[in-house]
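Chain and residue survey
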Amino acid sequence: MDMTAQVPEEPTGASNGTDTRQRVLFIGGLGRSGSTLVERLLHELGPTFAVGETVHLWERGVRDDERCSCGAPFSQCAHWIKVGRTAFGGWDKVDLGDLIHLRWSVDRSRRMPEIMAAHLRGVTSEAQDRYRWHLQRVLTATAEVAMLTNQCQGFGAGKTPVLLESSKHLSTAALLALDEHLDVRVLHLVRDPRGVAYSWTKEVARPEADGDLMPRYRPSRTAARWVTDNLGFEALAQRVPTLSLRYEDLMADPVATIDRILRFMDLDPAVIDLDVLRADPIVVRNPLHSVAGNPMRFGATELRLRLDDRWRTALPRRTERLVSAITAPLLPRYGYPLRPTD
């Protein structure tokens, strides 16, 4: 498969000189494929601002008051307080029970046939509209707050930053792309499925929730999801502008890869200081206020870009063969060998 941008015949996210829609780069793909790393790198560059995983906002942020990546509880984070007031007059003004119900009834992979039908027919359900409206309000309010508080810069006078939405979920991307107020483009991240499967077997603590661990999944389940998620994002690319990139290529040449992403979002790399990505380590200067996601969101003052391929020695050979067999139909398509030793 050619890992390049795919633009629909009628580009729902194409921008023009009069386009006033809020630009959103949706970072999609199966978890543990490098989405948080991409989010952090882009957030360092100025004209972008990381929102985090809005799919988890209502439960983990508003209801459970888990910590923002800045370290403060959600209810005490000055950034999110301002976003709530700008979007709704305060987080207490939203019907939290209804939104959590909508998240689990509308924003699910099993609902993709209904969501794609809405794309094809241009007719959305009342539940889809209600859920999507709240997400859109959060996103546009985040951009406004980021501008007013000078949390990002370099995107041009009068222009809002490109928001980085890292929910990863296919259904969330498809729902957001239906909104006429948003210019949504998808960054479809792919990683060798053996690496993804190994990563999901590891025990990882969640700093935002004391004592909790991130979920762990069987390699067979991860491999099956790797196939269905990637096929789903390929299908969505027929309706929504999409750039497909491999985690391994990002690690091999981060500057060139980030350059491609910026151009995909109609940002000019020539006016953005990409030299910050050439440092080893990269000094983290711009604090994140992202909600939910990988623990690397927290506390890092430096980033060292190293290919994580521990799975090559840590993944049992039998498990490696199982994952390879399940994902075999798509491995050559994304440039991965059937056998990692090839």
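See the structure above.
Below or above, wherever it landed, is the structure these notes cover. Since the structure is predicted, the reported quantities are computational estimates derived from the model, not experimental observations.

Overview of helix α5 (residues 112–121)
For α5, the full list of buried residues reads M112, I115, M116, A117, A118 and H119. Those residues of α5 that are buried are in contact with α4 (96–106), α6 (126–148), α7 (170–176) and α9 (219–236). In the stretch just after α5, G122 is the one whose phi turns positive, near 75°.

Here's the deal with empty space enclosed by the protein
A probe as big as a water molecule, rolled over the atoms, marks out the empty space that is left. Applying the stated criterion across every chain, the model contains two cavities of 30 Å³ or more. By volume, the largest cavity is sized at about 50 Å³. Lining the largest cavity we find 10 residues, and of these R60, E66, R67, V291 and A292 sit closest to its centre. For the lining of the largest cavity, the class distribution of residues is four nonpolar, one polar and five charged.

Brief notes about the pattern of salt bridges
Applying the stated rule across the entire model yields 22 salt bridges. Between R130 and D98 there is a salt bridge; the shortest N-O distance is 3.0 Å. Residue R130 is located in helix α6, and its partner D98 is located in helix α4; the two are separated by 32 residues in the primary sequence. Relative accessible area serves as the criterion here: at 22%, D98 is assigned to the partly exposed category. Here R306 makes a salt bridge to D280, at a shortest N to O gap of 3.1 Å. Pair noted here: R306 is in the loop between β8 (302–303) and α12 (311–314) and D280 is in the loop between α11 (254–264) and β7 (282–283), with a separation of 26 residues, a long-range link. Through salt bridges that share partners, D98, E126 and R130 make up one connected network.

Description of the side chain of N230
The residue N230 is located in helix α9 in this model. Ignoring anything within four residues of it in the chain, the contact list for N230 reads H188, L189, V190, R225, L330 and Y334.

Overview of helix α13 (residues 317–327)
Within α13 the residues assigned to the buried category are T319, E320, V323, S324 and T327. On an axial view of α13, the arc spanned by its buried residues comes to 135°, and they lie on one face. For α13, the exposed residues lying more than 90 degrees away from the buried face are R317, R318, R321 and A325. The inward-facing, buried residues of α13 abut α8 (193–199) and α9.

Here we look at the packing of aromatic side chains
Per the stated rule, a full pass over the model turns up nine aromatic pairs. Seen from their ring centres, F74 and W91 are 5.4 Å apart, and the 55° between their planes marks the pair as tilted. Taken together, the residues F74 in the loop between α2 (57–63) and α3 (78–88) and W91 in the loop between α3 and α4 connect sequence positions 17 residues apart. Taken together, the aromatic side chains of W58, F74, W80, F88, W91 and W133 make up a single cluster linked through ring pairs. Stacked on the ring of Y247, the Lys or Arg R191 has its end atom at 4.9 Å from the ring centre. Here R221 stacks its cationic end above the ring of Y217, 3.9 Å away from the centre of that ring.

Considering the nonpolar core
The biggest cluster of nonpolar side chains holds 48 residues, and the ones touching the most others in it are L57, W58, W80, W91, Y131, V138 and L236. Tallying contributions element by element places α6 first for this core, with eight residues. Apart from the residues lying within four places of it in its own chain, the contact partners of Y131 are V55, W58, L99, L102, R103, V106, D107 and L175. Formed by 32 residues, the second largest nonpolar core is a distinct cluster that contains L187, M251, V284 and L303.

Definitions and cut-offs
- Residues numbered from 1 in each chain as written.
- Predicted model: local features only at pLDDT ≥ 70, side-chain atom pairs only at ≥ 80, totals over all residues.
- Heavy atoms only, no water.
- Buried < 20%, exposed > 50% of the residue type's maximum accessible area, 1.4 Å probe, protein only.
- Helix = DSSP H or I, 4+ residues; strand = E, 2+ residues; numbered from the N terminus.
- Contact = heavy atoms within 4.5 Å.
- 1 Å grid on protein atoms, 1.4 Å probe; cavity = no way out; pocket = protein on both sides within 12 Å on 5 of 7 lines; lining within 4 Å.
- Points joined across faces, edges and corners; volume = space filled by probe spheres on them.
- Nonpolar A, V, L, I, M, F, W, Y, C, P; charged D, E, K, R; others polar.
- Salt bridge = Lys/Arg side-chain N within 4 Å of Asp/Glu carboxyl O.
- Arc of directions from axis to C-beta.
- Phe/Tyr/Trp six-rings, centres within 6.5 Å; stacked < 30°, edge-to-face > 60°.
- Lys NZ or Arg CZ within 6 Å of the ring centre and 35° of its normal.
- Core = buried A, V, L, I, M, F, W, Y, C linked by side-chain atoms within 4.5 Å.

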